[in-house]
Amino acid sequence: MPAGDNLPPPESTLPLSLFEMPEWLVRPSVEACRLFNTALDGMFYDVPGLNAELGAKDDVAGAMGEKLPSPSSISMRWPIPKDRCC
């Protein structure tokens, strides 16, 4: 078999655009999924307790001079800021 005969077809011949969602639909879809997930979290998890525990761990890590996993001002906030979404 000569070299180069076993290559995939170029991207221009693949109909991948059929599977792409329009941009105006992506953000509302993601936000709806996140809102649904947040509602489920509120029903099945002790969210205030978890938030308090994670905040306490952040305080300990900050006191030891370790890097925090996320800035405290934006952790556990809803809705997610537009600059951090998608």
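See the structure printed just above.
Quick summary incoming for the structure in this document.

Definitions and limits used
Residues numbered from 1 in each chain as written. Predicted model: local features only at pLDDT ≥ 70, side-chain atom pairs only at ≥ 80, totals over all residues. Heavy atoms only, no water. Helix = DSSP H or I, 4+ residues; strand = E, 2+ residues; numbered from the N terminus. Buried < 20%, exposed > 50% of the residue type's maximum accessible area, 1.4 Å probe, protein only. Areas by Shrake-Rupley, 256 points an atom, 1.4 Å probe, with all protein chains shown as cover. Expected span 1.5 Å × (residues − 1). Patch = residues over 30% accessible without salt bridge, like charges linked within 9 Å, V, L, I, M, F, W, Y side chains within 5 Å. Salt bridge = Lys/Arg side-chain N within 4 Å of Asp/Glu carboxyl O.

1. Details of the overall build of the chain
Stage number 1. Within the chain, the secondary structure is distributed over two helices and zero strands.
Stage number 2. Counting across all 86 residues of the chain, residues that qualify as buried make up 5%.
Stage number 3. Carbon together with sulfur atoms contributes 63% to the accessible area of the chain, which is approximately 7600 Å² in total.

2. Digging into helix α2 (residues 47-63)
Stage number 1. For α2, built from 17 residues, the straight-helix expectation of 24 Å at 1.5 Å per residue is met to within 8% by its first-to-last C-alpha distance of 24 Å.
Stage number 2. Along α2, the positions that sit buried rather than exposed are Gly 49, Asp 58 and Ala 61.
Stage number 3. Positive phi shows up at Gly 65, right after α2, with a value of about 80°.

3. Brief notes about a nonpolar patch on the surface
Stage number 1. Taken together, the side chains of Met 21, Trp 24, Leu 25 and Val 26 present a nonpolar region at the surface, about 410 Å² in accessible area.
Stage number 2. Inspection of the secondary structure puts Val 26 in helix α1 (residues 23-44).
Stage number 3. Looking at Val 26, the relative accessible area reads 31%, which means it is partly exposed.

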